[in-house]
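Descriptive analysis of the structure
For reference, the chains in residue letters:
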Amino acid sequence: MAGAALLAAAAVAFVVCSLASATGDGQPRRHRPALLPAVYVFGDSLVDVGNNDFLPLPAPRAGFPCGVDLPRGTLGRRTGRFTNGYNLADFIAQRVGFNMSPPAYLSLTPQESLNLLSGRVGANYASGGSGILDDTGNGTITLREQIKLFANTKASMTKTELGHNRVNRLLSRSLFLISTAGNDFSAFSQGRATMSDASSYIPNMVSTYLKHIKVLYNLGARRLRLLDAVPIGCLPGSRASSVNDGACDDVANSLAQQFNTLLRLEMASATAAAMPGMEYSIASIYNIISDMISNPPLDGLEEVASACCGGGKLNAEFTCSATSNLCTNRSQYVFWDTVHETQAAYRRAVAAMFDSTAAAMYTEPISFHQLVTRKQGGPGAGIDLEHSFADQAAEI
Ligand SMILES: *[C@@H]1O[C@H](CO)[C@@H](O)[C@H](O)[C@H]1NC(C)=O
Ligand SMILES: *[C@@H]1O[C@H](CO)[C@@H](O)[C@H](O)[C@H]1NC(C)=O
């Protein structure tokens, strides 16, 4: 099967970005004070902000020109993200009042470690190339390992003067964001699974995912945002290798859709049966990207098939590297490279998750706004938004 490409850029050597950039649209903006104590991020290259910079090959690295549109001076070095600027974790964190994603767990400075241990700001454990299954993403930090790292974090937090109860309280009000699944489909393009395996492979993905989520729940997560699987068949790399001359690969897309449907069903029943007090919202990044592709002008975009950075057919036969062909206006492209969206697309995607009309279409069973403002059961019971500000001020 053509398609189901690995959601990670080529493993190119890490190069510090040295070019100034003018065409980006990702200026950091200070939003309101944080609505939540912290954000904890898990998953793949759609949300990794630099953990893979610290991993040896074959883990994929986001080398130059990735990060070319990140504002100079905001970050010591501008790689780490598998796109030209900010990614989904950054824009979601901005919506709840932070400047960008919490820092990559493997990059924490002493000050950032102190913040993390005090239950503030949080950390990003995501690793580009990783998936739900342990077999996905050789050399990356698997989702299981990411959650283990978080478990270590929590153990250290409870040893501070905060103590167990306060830590649980802070965690129950923090946001847990997961973007995963895309890379697990690479098993089909790499021959580790065939289409006839899909009827067991996909349920196994979902049940493994739910086991991981249950571990997070047991560690104190009560506000969970999941991003479903993107339309993998419409990624430029899939189109470039498609037999249908650049069209979306419908077979690959149907795998993602089967997963997305089952995830919603299983998540609802697992929450009802075994995770009391869990509030979650699943955002359909699948539908958001599909709609962007079918009506680009609606989003102020123009190019929906080819990659901005790459080479060959649709600029997507070759992965993005320092010597790639780079498009002239990155703000007009949905896709940055063979498998990742641009900052422009990520910004619009997150706007759609929060916009009150679009959110009803793209998020379920509750909206993102409800997720972060609703009163909760469990350790944080009865906190409304206003009190949550006051509590937070008292706690930090
Ligand atoms: C993982 O990568 C290492 C190093 O490149 C390689 O030796 C090993 O065979 C790979 N394992 C799998 C399962 O592909
Ligand atoms: C790039 O594209 C955006 C969106 O279409 C447009 O607003 C902007 O003017 C363009 N910039 C240049 C330098 O052409």
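Parameters at a glance
Residues numbered from 1 in each chain as written. Chains lettered and ligands numbered in written order. Predicted model: local features only at pLDDT ≥ 70, side-chain atom pairs only at ≥ 80, totals over all residues. Heavy atoms only, no water. Helix = DSSP H or I, 4+ residues; strand = E, 2+ residues; numbered from the N terminus. Buried < 20%, exposed > 50% of the residue type's maximum accessible area, 1.4 Å probe, protein only. Contact = heavy atoms within 4.5 Å. Areas by Shrake-Rupley, 256 points an atom, 1.4 Å probe, with all protein chains shown as cover. Pairing = 2+ DSSP bridges. Axes fitted to C-alpha atoms, helices over the stretch in contact; angles between N-to-C directions. Parallel < 35°, antiparallel > 145°, perpendicular 65-115°, else oblique. Left-handed = near helix turned anticlockwise from the far one by under 90°. Nonpolar A, V, L, I, M, F, W, Y, C, P; charged D, E, K, R; others polar. Near = heavy atom within 4 Å. Polar contact = N/O pair within 3.5 Å; in protein donor to acceptor, adjacent residues only side chain to side chain. pLDDT = per-residue confidence, 0-100. Core = buried A, V, L, I, M, F, W, Y, C linked by side-chain atoms within 4.5 Å. Disulfide = S-S within 2.5 Å. Phe/Tyr/Trp six-rings, centres within 6.5 Å; stacked < 30°, edge-to-face > 60°. Lys NZ or Arg CZ within 6 Å of the ring centre and 35° of its normal. Salt bridge = Lys/Arg side-chain N within 4 Å of Asp/Glu carboxyl O.

1. Describing the overall build of the chain
- When its secondary structure is counted, the chain shows 13 helices and ten strands.
- Within the chain, the fraction of its 396 residues that count as buried is 59%.
- Look at the contacts in the chain between residues 6 or more apart in sequence, and 74% of them connect residues 24 or more apart.
- Here the chain has roughly 14,700 Å² of accessible surface; of this, 54% comes from carbon and sulfur atoms.

2. Focus on the sheet that holds strand β2 (residues 121-124)
- Taken together, the six strands give an open sheet; going across it, the order is β2-β1-β3-β4-β5-β10, and neighbouring strands pair in mixed fashion. A strand with exactly one partner marks an edge of an open sheet, and here the two such strands are β2 and β10 (363-364).
- Both strand β5 (residues 279-283) and β10 contribute to a ladder of two bridges, which runs antiparallel. Bridging from a neighbouring strand, Ile282 pairs with Glu364 of β10.

3. Overview of the packing of helix α6 (residues 198-218) against helix α8 (residues 250-274)
- Where α6 meets α8, the closest approach of the two axes is 9 Å, and the angle between their N-to-C directions is 40°. On the basis of their axis angle, the class for α6 and α8 is oblique. Handedness of the crossing formed by α6 with α8: right-handed. In contact with Ala198, Ile202, Pro203, Met205, Val206, Tyr209, Leu210, Ile213, Lys214 and Tyr217 of α6, α8 contributes Leu255, Gln258, Phe259, Leu262, Leu263, Glu266, Met267, Ala270 and Ala274.
- Looking at the contact of α6 with α8, its residues break down into 16 nonpolar, one polar and two charged.

4. Some details on the site of ligand 2
- In the neighbourhood of ligand 2, the contacting residues comprise Gly300, Asn329 and Gln332.
- At 2.3 Å from an oxygen atom of ligand 2 is found a side-chain nitrogen or oxygen belonging to Asn329.
- Contact between ligand 2 and Gln332: an oxygen atom at 3.1 Å from a side-chain N or O atom of the residue.

5. Section: the confidence of the model for the chain
- Confidence in the prediction for the chain averages 87 pLDDT; 85% of positions are at 70 or higher.
- Low pLDDT, under 50, characterises residues 1-31; the stretch is placed with 105 contacts to residues that sit more than four places away or in other chains.

6. A few points about the nonpolar core
- Tyr40, Phe42, Leu88, Phe185, Ile213, Phe259 and Met353 are the most contacted members of the largest nonpolar core, which totals 101 residues.
- Examining the composition of this core, we find that ten residues originate from one element, α6, more than from any other.
- The next biggest cluster of nonpolar side chains, apart from the first, holds eleven residues, and it includes Phe64, Cys309, Cys327 and Trp336.

7. Some remarks on unusual backbone geometry
- The omega torsion across Leu57 and Pro58 is 10°, close enough to zero to call that bond cis.
- In this structure, Pro58 sits in the loop between β1 (38-43) and α1 (88-95).
- The backbone of Asn315 shows a phi angle near 55°, a positive value even though the residue is not glycine.
- With respect to the helices, strands and loops of the structure, Asn315 is situated in the loop between β7 (309-310) and β8 (325-326).

8. Digging into the environment of Gly97
- The residue Gly97 is located in the loop between α1 and α2 (110-117) in this model.
- The buried category is assigned to Gly97, whose relative accessible area is 13%.
- Between the alpha carbons of Gly97 and Leu35 there is a distance of 6.1 Å; along the sequence they are 62 residues apart.

9. Brief notes about the state of the cysteines
- As enumerated under the stated definition, the model contains three disulfides in all.
- The disulfide that involves Cys234 links it to Cys248, with 2.2 Å between the sulfurs. Between Cys234 and Cys248 the disulfide shows an S-S torsion of about 115°. By sign, it is right-handed. A residue pair is termed long-range when its members are at least 10 positions apart, and Cys234 in the loop between β4 (223-227) and α7 (236-241) and Cys248 in the loop between α7 and α8 qualify at 14 residues.
- For Cys248, a relative accessible area of 18% puts it in the buried group.
- Two residues, Cys308 and Cys327, share a disulfide whose sulfurs are 2.1 Å apart. Looking down the S-S bond of the Cys308 and Cys327 bridge, the torsion is -80°, so its handedness is left-handed. Separated by 19 residues along the polypeptide, Cys308 in the loop between β6 (303-307) and β7 and Cys327 in the loop between β8 and β9 (333-335) bring together distant segments of the chain.
- For Cys308, a relative accessible area of 0% corresponds to the buried category.

10. Some remarks on the packing of aromatic side chains
- One pass over the structure, following the stated rule, counts 13 aromatic pairs.
- A cation over an aromatic ring shows up here: Arg222 above the ring of Tyr217, its NZ or CZ 3.8 Å from the ring centre.

11. Side note on the pattern of salt bridges
- Under the defined criterion, the tally for this structure stands at six salt bridges.
- One salt bridge connects Asp245 with Lys313, and the closest N-O pair in it is separated by 3.9 Å. Here Lys313 lies in the loop between β7 and β8 and Asp245 lies in the loop between α7 and α8, a separation of 68 residues in the sequence.
- Connected via shared salt-bridge partners are Asp228, Arg264 and Glu364.

12. Things to note about the environment of Glu279
- Following the sequence through the fold, Glu279 ends up in strand β5.
- It is 8.4 Å that separates the C-alpha atoms of Glu279 and Ile366, two residues lying 87 residues apart in sequence.

13. Here we look at the pairing of β5
- By the criterion of burial, β5 is predominantly enclosed, with five of the five residues buried.
- Neither face of β5 is open: one carries Glu279, Ser281 and Ala283, the other Tyr280 and Ile282, and all of them are buried.
- For β4 and β5, the ladder comprises five bridges, and the chain directions are parallel. Note that in β5 the partner of Leu227 across the bridge is Ala283.

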